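# Chain and residue survey
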Amino acid sequence: MDPFRVRPGVLAFRGWRRAPPTAINKVPFEDRPATALDSYPYPFKAMNFRDILRLGLQNMQRRALRFFLTTFGVTIGVGMLVIMMSVGVGIQRNTVGRLESTDLFTSLTVFSDVFSRRGGPIFGPSRRSPMPPAGDAQKERPALDDAVLAQMSALAGVRYVYPQRNFTAQLKRDKTSFETMITILPAPIVREPVYAQSLEAGAFFASDAEDSIVLSEFVAQRLGLPAGAAAVGQTVSLLTLASMPGLSPEGLSFQQKETIVRVAGLFSPRRSGVSAGLSGLGFSGVIVSSGLADRVGGFQLSLNSLFGMLSGKKNYGLATVRVHTPRDLSAVRKEIEKLGFTTFAISDALGRLKIVLVILDSILGIIGSIALVVSLLGIVNTMLMSILERTREIGIMKAIGAEDWDIQKIFFLEAGLIGFIGGWAGVGLGWTGSRLVNWIVNRLIVQQGGDPTQVLATPWWLVLGAMVFSIVVSLLAGIYPARRAARIDPVIALRHD
Amino acid sequence: MQDELESQGPLIECLEVTKLYRMGNETIHALDRVSFAVNQGEFIAILGTSGSGKSTLLNLLGGLDRPTGGEVRFRQASLAPLRSKALAHHRRKNVGMIFQSFHLIPTMTALDNVALPMAFDGLPLDARRARAEALLARLGLGGRLHHRPPELSGGEQQRVAMARALANNPAVLLADEPTGNLDSARSHEILQIFKEMNEQSGQTLLLVTHDLEYARRYARRFIHLVDGKIAV
């Protein structure tokens, strides 16, 4: 066969992506049976990950200082982000979180609307039940009486319901006596854990039949009772103004009544924190069972009870509804409002606070992200520098058989490694930083006589999230340099001598 | 299958291969309708002055570049339709390239340089090391496995490059002025190895050089390139 044989007219252009359009390219491709090279053994064997990792690490070792500085930049960026987010989480935990962990979100206050047709209850109307229009005034308002309370406690998700009642009476022991507000709580209710939590000594009354009373430490002290457990079992007298049933010709008639009661226990509202207010403990210093209240005929100084007495119908001003979980709240609330009552839940007020915290979190997140973005620009810069330096090397690798994708993987991995190492170190820095801030702040708080708190909180999801985020983002930063490296033309790269 | 392919015809064919470069408004014909064939086991010298298109031709045969017109065929199959991935496979498996300035990776040891093409082919580390060691030992570099290129002499570096070119057992070696940076003693040493490879193992070789004397002494066939055309 003549090795110099020429086959005229055999010109190829198919698949030449970079071939400039010239006249000779327009000659059609020769019809030719498929041969071995057309059916290459797909898929090709590819470079394995360990070799790519090895090459990447070698390159990083070679320019150790540069890679260290870039990685350190990422460390600072991630660290900043973690600290900023920790501040956000810390604030959230110290405000809304602290409130949410209490019973606030399982409580609902129900108002009887009898006297609030225009002005609404003192807490302001719930947004969900706007005040009815003036023309609606004639409509019969349901009374908040025992029947309605029973109806409410039968609703799904409701744990218990009790009317918020109190009356004024005089407490007397030896020569000390003073007027005070007394809270009435039904005996079954005080078995709830929140009441036991607030006890300093003794116990709550076990049944409505007991003639016993629970005092706050402050009231006990005022009465001259011994401190702590020694006060339990002592007796005090309760002086009340009992109203005579019905109306006499002179109007309402009252009669003073003295009842000797046993001190069953001492409580401190501080012990149950914010829940105290909603459980009725924060309201006054004296608690009696509803049975005892009925026996002493405690006169409640309110228009509600006055009208109740006059009309002979019992109508409580307020009632507390407790649900099992915060999720039950809105359904129960809807049902109660259907009955014609106005409700108030603390979450109404906290909704705003939550929005403010989300805004604060976003601002902190943005500040932290800026540091991370700057460090990512550092990655892009380092990678581009590296490519510039290694152009010839990339050309060599391509000439000896590296695929574009191999080159891309090598650079991609280097960017990922920077992100991985920087991310870990950054999380460490952020965690240590927030620990340090906590320590310093707590020292100051304790010096001022406060209780230590976690000012900055770094939960595990933040640690994990920051890690994943830094790797993902640094891989993104590596995309452009890696693609650029892969596109290097080996012929041009090898001409650099 | 290999024997079958070999019996079918030439290993490499160049059919009216043309390469144009655009320099500003001027079009330069680096190669102008070059046609020839290389058979299995040949040792061909491509001769020409600098700028005659020798290196361009070698880059086209090695799949580093694509012709503007015409067709390069390897074992009867055109390289033209191949995508970059398949072309990389061609560079890796079918051809071994040797350059004037060695083109070794300076930060890697001789052993790692030789093993690199095998890494691109997905060979495990042990197998790569073993073959690289054997190749280097055969080229007389058994004692310099762990030296980096800057610690080696020019002749040694070129022998490392030759070992690297042979790593994936290619069908053809393409040497682009391999003696250009070497003194005459080293040049003869390198060319002697080429000749031995060709005579003993039947290695197909394409040697680009501008030195007629070397070409005459070692190669068995010559292709003269003048201004991108084959001069008869």
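Residues numbered from 1 in each chain as written. Chains lettered and ligands numbered in written order. Predicted model: local features only at pLDDT ≥ 70, side-chain atom pairs only at ≥ 80, totals over all residues.

### Some words on the overall build of chain B
- Helices and strands together make up the secondary structure of chain B, namely 8 helices and 10 strands.
- With 232 residues in all, chain B has 55% of them scored as buried.
- Taking contacts inside chain B between residues at least 6 apart in sequence as the whole, the part at least 24 apart equals 73%. (Helix = DSSP H or I, 4+ residues; strand = E, 2+ residues; numbered from the N terminus. Buried ≥ 20, exposed ≤ 12 C-beta atoms within 10 Å, placed from the backbone. Contact = placed C-beta atoms within 7 Å.)

### A few points about the overall build of chain A
- Summing up its helical and strand segments, chain A has 14 helices and 10 strands in all.
- Residues counted as buried form 37% of the 497 residues belonging to chain A.
- Counting contacts in chain A only where the partners sit at least 6 residues apart, residues at least 24 apart contribute 81% of the total.

### Quick word on the sheet that holds strand 5 (residues 77-78) of chain B
Residue and element names in this part refer to chain B.
- Across the sheet, 4 strands lie side by side as 2-1-4-5; this open sheet has antiparallel pairing. This sheet does not close on itself; its edge strands, each paired only once, are strand 2 (26-38) and strand 5.
- Relative to strand 4 (residues 69-74), strand 1 (residues 12-23) runs antiparallel, the two sharing 5 bridges. Bridging from a neighbouring strand, Thr-18 pairs with Gly-69 of strand 4. (Pairing = 2+ DSSP bridges.)

### Details of the packing of helix 4 (residues 110-120) of chain B against helix 6 (residues 154-166) of chain B
Residues and elements named next belong to chain B.
- Across the interface, helix 4 lies against helix 6 with an axial gap of 7 Å and an inter-helix angle of 25°. As the angle between them shows, helix 4 and helix 6 are arranged roughly parallel. Between helix 4 and helix 6 the crossing geometry is right-handed. Between helix 4 and helix 6, the residues in contact are Ala-110, Asn-113, Val-114, Leu-116 and Pro-117 and Val-160, Ala-163 and Arg-164, respectively. (Axes fitted to C-alpha atoms, helices over the stretch in contact; angles between N-to-C directions. Parallel < 35°, antiparallel > 145°, perpendicular 65-115°, else oblique. Left-handed = near helix turned anticlockwise from the far one by under 90°.)

### What to know about the environment of Leu-372 of chain A
Residue and element names in this part refer to chain A.
- Within the element layout of this structure, Leu-372 appears in helix 10 (residues 346-389).
- For Leu-372, a count of 25 C-beta atoms within 10 Å translates into the label buried.
- The sequence separation of Leu-372 and Thr-75 amounts to 297 residues, and the corresponding C-alpha distance is 8.6 Å.
- In this view, Leu-372 contacts Gly-77, Val-78, Leu-81 and Val-473; residues no more than four positions away in its chain are not counted.

### Thoughts on the sheet that holds strand 7 (residues 172-176) of chain B
Residues and elements named next belong to chain B.
- Spatial ordering of the open sheet is given by 6-7-8-3-9-10, a layout of 6 strands whose pairing is mixed. Two strands in the sheet have a free side with no partner beyond their single neighbour: strand 6 (95-98) and strand 10 (229-231). Within the sheet, the average angular offset between the axes of one strand and its neighbour, ignoring direction, is 25°.
- Pairing analysis gives 4 bridges linking strand 6 to strand 7, with the strands arranged parallel. In the sheet register, Met-97 faces strand 7, and the bridge partner there is Leu-174.

### Things to note about unusual backbone geometry
- Phi angles above zero are rare outside glycine, and Asp-174 of chain A is one such case at about 55°.
- Examined against the element boundaries, Asp-174 of chain A turns out to sit in the loop between strand 2 (158-173) and strand 3 (176-185).
- Residue Asp-174 of chain A is classed as exposed on the basis of its C-beta count, with 9 C-beta atoms lying within 10 Å.
- Even without being a glycine, Glu-16 of chain B presents a positive backbone phi close to 50°.

### Some points on the nonpolar core
- Membership of the largest hydrophobic core comes to 123 residues, with the highest contact counts inside it found for Ile-46, Val-114, Leu-136, Ala-163 and Leu-206 of chain B.
- If sequence neighbours within four positions are ignored, Ile-46 of chain B has contacts with Lys-54, Leu-57, Leu-206, Leu-207, Val-208, Ile-223 and Leu-225 of chain B.
- Ala-231, Leu-238, Leu-329 and Ile-346 of chain A belong to the second largest nonpolar core, which has 53 residues in total. (Core = buried A, V, L, I, M, F, W, Y, C linked by C-beta atoms within 7 Å.)

### Overview of the pairing of strand 5 (residues 212-216) of chain A
All names here are of chain A.
- A large share of strand 5 lies buried, amounting to 5 of its 5 residues.
- Side-chain alternation along strand 5 places Ser-212, Val-214 and Ser-216 on one buried face and Ile-213 and Leu-215 on a second face that is also buried.
- Relative to strand 8 (residues 286-289), strand 5 is paired through 3 bridges, and the arrangement is antiparallel. For Leu-215, the partnering residue across the bridge sits in strand 8 and is Val-286.

### Structural notes on helix 11 (residues 391-399) of chain A
- Buried residues dominate helix 11 of chain A, accounting for 7 of its 9 residues.
- Burial in helix 11 of chain A covers these residues: Glu-393, Ile-394, Gly-395, Ile-396, Met-397, Lys-398 and Ala-399 of chain A.
- The elements touched by buried residues of helix 11 of chain A are helix 12 (404-447), helix 13 (460-486) and helix 14 (490-495) of chain A together with helix 3 (84-93) and strand 6 of chain B.
- Gly-401 of chain A occupies a position one or two residues after helix 11 of chain A and carries a positive phi of about 115°.

### Considering the confidence of the model for chain B
- Per-residue confidence for chain B averages 89 on the pLDDT scale, and 97% of its residues sit at or above 70.
- Both confidence scores are given for the complex: pTM 0.66, ipTM 0.93. (pLDDT = per-residue confidence, 0-100.)

### Points about the environment of Leu-377 of chain A
- Mapped onto the fold, Leu-377 of chain A is located in helix 10.
- Between the C-alpha atoms of Leu-377 of chain A and Val-74 of chain A, which are 303 residues apart in sequence, the distance is 9.7 Å.

### Overview of the packing of helix 10 of chain A against helix 13 of chain A
Residue and element names in this part refer to chain A.
- At a minimum axis separation of 9 Å, helix 10 and helix 13 run at an interaxial angle of 25°. As the angle between them shows, helix 10 and helix 13 are arranged roughly parallel. For helix 10 against helix 13, the interelement crossing comes out right-handed. Two secondary-structure elements touch here, helix 10 through Leu-372, Leu-376, Ile-379, Val-380, Met-383, Leu-384 and Ile-387 and helix 13 through Val-473, Ser-474, Ala-477, Gly-478, Tyr-480, Pro-481, Arg-484 and Ala-485.
- Across the contact of helix 10 with helix 13, the residue classes break down as 12 nonpolar, 2 polar and 1 charged. (Nonpolar A, V, L, I, M, F, W, Y, C, P; charged D, E, K, R; others polar.)

### Brief notes about the pairing of strand 2 of chain B
Residues and elements named next belong to chain B.
- Where strand 1 and strand 2 come together, 9 bridges link them in antiparallel fashion. Note on strand 2: the bridge partner recorded for Arg-22 is Thr-27.
- Count of turn residues in the strand 1/strand 2 antiparallel hairpin: 2 residues, of which Gly-24 carries a positive phi of about 70°.

### Comments concerning the confidence of the model for chain A
All names here are of chain A.
- Of the residues in chain A, 74% have a pLDDT of 70 or more, and the chain-wide mean is 76.
- Looking over chain A, one finds the lowest element-wise mean pLDDT in helix 6 (residues 275-279), namely 59, and the highest in helix 11, namely 94.
- Counting contacts from residues 115-130, a segment whose pLDDT is below 50, to residues more than four positions away or on other chains yields 25 contacts.
- Scored below 50 in pLDDT, residues 132-138 makes 1 contact in the model with residues more than four places away or belonging to other chains.

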